[in-house]
Amino acid sequence: MAKRGDIMYERRLVMVPGPINFDPRVLRELAVEGLDHTSAEFVSSFAETLSMLRKVVHVGGEYQPVVIAGSGTLAMEASVTNFLERGGRALIVSNGYFGDRFAELLSNYDVHMDLLRPDKIGSQVNASKVVEAASKGNYDLITLTHVDTSTGVLQSIREIGKELMNEETIIVVDGVCSVGGEEIKMAEDGIDVLFTGSQKALGVPPGLALIWLSPKALQKLRSIKRSISPYYMNLSRWISIMRSYEEKKPTYFGTPAVNLVVALRKSLELILEEGMEKRYLRHKVLSEAFRNGMKALNLQLLADESSAAHTITAVKLPDAISSSSLVDLVRSMGVLIAKGLIKDINYFRVGHMGTVNANDIVATVAAIERALTKLGYKMRFGDGVAGAQEILHRYGL
Ligand code: PMP
């Protein structure tokens, strides 16, 4: 609960980069009682979910979505370990904390890794550098983080994917902070393995790991002799479970998170009702409004303008203003924002994805203004709000 003064409020605006504010229609689905994973009702709900998951990333039946109980990190580990054998080679392209997590997790396995980082924090790795490294390194897979939630940097994928589409290398994309908010067209972008967690732009409480596999990835899974993947994460097992569900046949490997799956079905229905293109545009406009609000307060953004994500923004603070004091004050006003994740940079992060609307942006900018003023930052009340409003008005919101 959010504490304002001495009173606890249940209602609060969640503007951290996931989990987000969930649509009540999605939350109500969680209350379903007595749903057994082999029932016709659940099997058909799961089949519909898988079919809608393809539409969200613009692919057809030759791509296989997989839904497993677990967080984004499980999806991350499954997405790499299934495509590597002992002594395998991976190129990790990292724009921050979550890109680096690939290296951290792979250090638990007996594989070779190379790490590619941008020239400075806040930039993305140049596509030509990735393609050049790929041409020399004989990699089994390359990992890219579409949006690094620690820096708010959006990595361009399509240029890299198109260049490497016909190579054997598997392109793995972390879409945890992007799928459902950022434009991502898996086939056109040349992505082989894409994954996300349920709690961000897909708008479902945490607990589901979602992975999509391209025909090339499916072929690789069939041909790989002995991957380093542990038992629960073995994608070949899960694929046959997903296929059974799609054929409306009850099946079992590990008990699915039934309530979360029916909530996901509802959320996907709402997402597709809005339409993907409209959804991308909404995220673009709302993020631009937020960035403009921050700039109007003379605050600097961590990500370069050309690499700014539409789902999260990282905002730098002058040394005199402590980011944890700011975050705590804004939270005490009922707006939940997040601290930074990169050491030695004084900044905070705001998520704007999924159910977010224009009012949420205005309220967040306004709370940040009040908190900054309390902390002694020199600014004129309303400048940030005006900056945000200007963009919202320009796009007719
Ligand atoms: N990758 C990215 C880009 C993320 O933002 C996160 C979560 N913030 C993860 C991976 C890990 O996901 P989870 O916390 O659900 O394990």
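Notes on the structure follow. As the structure is a prediction and not an experimental result, all values here were calculated from the model.

## Focus: the sheet that holds strand S15 (residues 338-339)
1) Next: Spatially, 3 strands are ordered S13-S16-S15 in an open sheet, and the strand pairing comes out antiparallel. Of all strands in the sheet, those with a lone pairing partner are strand S13 (312-316) and S15, marking the two edges.
2) Next: Pairing of S13 with strand S16 (residues 347-351) involves 5 bridges; the strand directions are antiparallel. Note on S16: the bridge partner recorded for Ile312 is Gly351.

## Some thoughts on the pattern of salt bridges
1) Next: Applying the stated criterion across every chain yields a total of 25 salt bridges.
2) Next: As a salt-bridge pair, Asp23 and Arg25 come within 2.9 Å of each other at their nearest N and O atoms.
3) Next: Residue Asp110 pairs with Arg86 through a salt bridge whose shortest N-O separation is 3.4 Å. Taken together, the residues Asp110 in the loop between helix H4 (97-106) and strand S6 (112-116) and Arg86 in the loop between helix H3 (72-81) and strand S5 (89-93) connect sequence positions 24 residues apart.
4) Next: The partly exposed category is assigned to Asp110, whose relative accessible area is 44%.
5) Next: We classify Arg86 as exposed; its relative accessible area is 66%.
6) Next: Through salt bridges that share partners, Arg158, Glu183, Lys185, Glu188, Asp189 and Glu277 make up one connected network.

## Quick word on the site of the ligand
1) Next: As a matter of local geometry, the ligand sits amid Ser71, Gly72, Thr73, Phe98, Arg101, Val147, Thr149, Asp174, Val176, Gln199 and Lys200.
2) Next: In this structure, Gly72 approaches the ligand through a main-chain N or O atom, which is 2.8 Å from an oxygen atom.
3) Next: Here an oxygen atom of the ligand sits 2.5 Å away from a polar atom, N or O, in the side chain of Thr73.
4) Next: Alone, the ligand offers 390 Å² of accessible surface; in the complex the protein occludes 86% of this.
5) Next: Looking at the shell around the ligand, the elements that each hand over two or more residues are H3 and H4.
6) Next: A class-by-class count of the residues in the shell around the ligand yields 3 nonpolar, 5 polar and 3 charged.

## Here we look at empty space enclosed by the protein
1) Next: What the rule picks out here adds up to 3 cavities of 30 Å³ or more.
2) Next: For the largest cavity, the calculated volume is near 100 Å³.
3) Next: The wall of the largest cavity is formed by 18 residues, among which Val67, Trp238, Gly254, Thr255 and Pro256 lie closest to the centre.
4) Next: Counting only elements with at least two residues in the lining of the largest cavity, the list comes to strand S4 (64-69) and helix H8 (235-246).
5) Next: By residue number, the principal contributor to the lining of the largest cavity is H8, which donates 4 residues.
6) Next: Looking at the lining of the largest cavity residue by residue, the class counts come to 15 nonpolar, 3 polar and no charged.

## What about the side chain of Lys266?
1) Next: With respect to the helices, strands and loops of the structure, Lys266 is situated in helix H9 (residues 258-274).
2) Next: Its relative accessible area of 17% is what places Lys266 among the buried residues.
3) Next: If we ignore the near neighbours within four places in the chain, the residues touching Lys266 are Arg25, Val26 and Glu29.

## Section: helix H7 (residues 215-223)
1) Next: Along H7, the positions that sit buried rather than exposed are Ala217, Leu218, Lys220 and Leu221. Buried residues along H7 cover an arc of 160 degrees about the axis, so they all sit on one side.
2) Next: Where H7 is buried, its residues touch S4, strand S10 (170-174), strand S11 (193-197), strand S12 (208-213) and H8.

## Some words on the pairing of S5
1) Next: Across the 5 residues of S5, 4 count as buried, placing the element largely inside the fold.
2) Next: Inspection of the sheet shows S5 paired to S6 by 5 bridges, in the parallel sense. What sits directly across from Ile92, in S6, is Leu115.
3) Next: With respect to chirality, the unit in which S5 leads through H4 into the neighbouring parallel S6 is right-handed.

## Overview of the packing of helix H11 (residues 323-332) against helix H12 (residues 358-374)
1) Next: Interhelical geometry of H11 versus H12 gives an angle of 125 degrees and a closest axis separation of 9 Å. In terms of orientation, H11 lies oblique with respect to H12. The handedness of the crossing between H11 and H12 comes out as right-handed. Within the contact between the two elements, H11 uses Leu326, Leu329 and Val330 and H12 uses Ala367, Ile368, Ala371, Leu372 and Lys374.
2) Next: Residue classes in the contact of H11 with H12 are distributed as 7 nonpolar, no polar and 1 charged.

## Concerning unusual backbone geometry
1) Next: Residue Pro19 is reached from Gly18 by a cis peptide bond, and omega for that bond is -5 degrees.
2) Next: Structurally, Pro19 is set in the loop between strand S3 (13-14) and helix H1 (24-30).
3) Next: In this model, His58 sits at a positive phi of 60 degrees, which is unusual for a non-glycine residue.
4) Next: As for its position among the elements, His58 is in the loop between helix H2 (40-56) and S4.

## Regarding the sheet that holds S12
1) Next: One open sheet holds the 7 strands; their spatial order is S4-S12-S11-S10-S7-S5-S6, and the pairing between them is mixed. The sheet is open, and its two borders are formed by S4 and S6, each paired with just one other strand. If you compare each strand with its neighbour and ignore which way they point, the axes differ by 20 degrees on average.
2) Next: For strand S7 (residues 141-145) and S10, the ladder comprises 5 bridges, and the chain directions are parallel. Its bridge partner being in S10, Ile142 is matched across the sheet by Ile171.
3) Next: Those strands touched by helix H5 (residues 127-137) are S5, S6 and S7, and its axis lies near 170 degrees from that of S5.

Reading the values: rules and limits
- Residues numbered from 1 in each chain as written.
- Predicted model: local features only at pLDDT ≥ 70, side-chain atom pairs only at ≥ 80, totals over all residues.
- Heavy atoms only, no water.
- Pairing = 2+ DSSP bridges.
- Helix = DSSP H or I, 4+ residues; strand = E, 2+ residues; numbered from the N terminus.
- Salt bridge = Lys/Arg side-chain N within 4 Å of Asp/Glu carboxyl O.
- Buried < 20%, exposed > 50% of the residue type's maximum accessible area, 1.4 Å probe, protein only.
- Near = heavy atom within 4 Å.
- Polar contact = N/O pair within 3.5 Å; in protein donor to acceptor, adjacent residues only side chain to side chain.
- Areas by Shrake-Rupley, 256 points an atom, 1.4 Å probe, with all protein chains shown as cover.
- Nonpolar A, V, L, I, M, F, W, Y, C, P; charged D, E, K, R; others polar.
- 1 Å grid on protein atoms, 1.4 Å probe; cavity = no way out; pocket = protein on both sides within 12 Å on 5 of 7 lines; lining within 4 Å.
- Points joined across faces, edges and corners; volume = space filled by probe spheres on them.
- Contact = heavy atoms within 4.5 Å.
- Arc of directions from axis to C-beta.
- Right-handed = clockwise from strand over helix to strand, strands pointing away.
- Axes fitted to C-alpha atoms, helices over the stretch in contact; angles between N-to-C directions.
- Parallel < 35°, antiparallel > 145°, perpendicular 65-115°, else oblique.
- Left-handed = near helix turned anticlockwise from the far one by under 90°.

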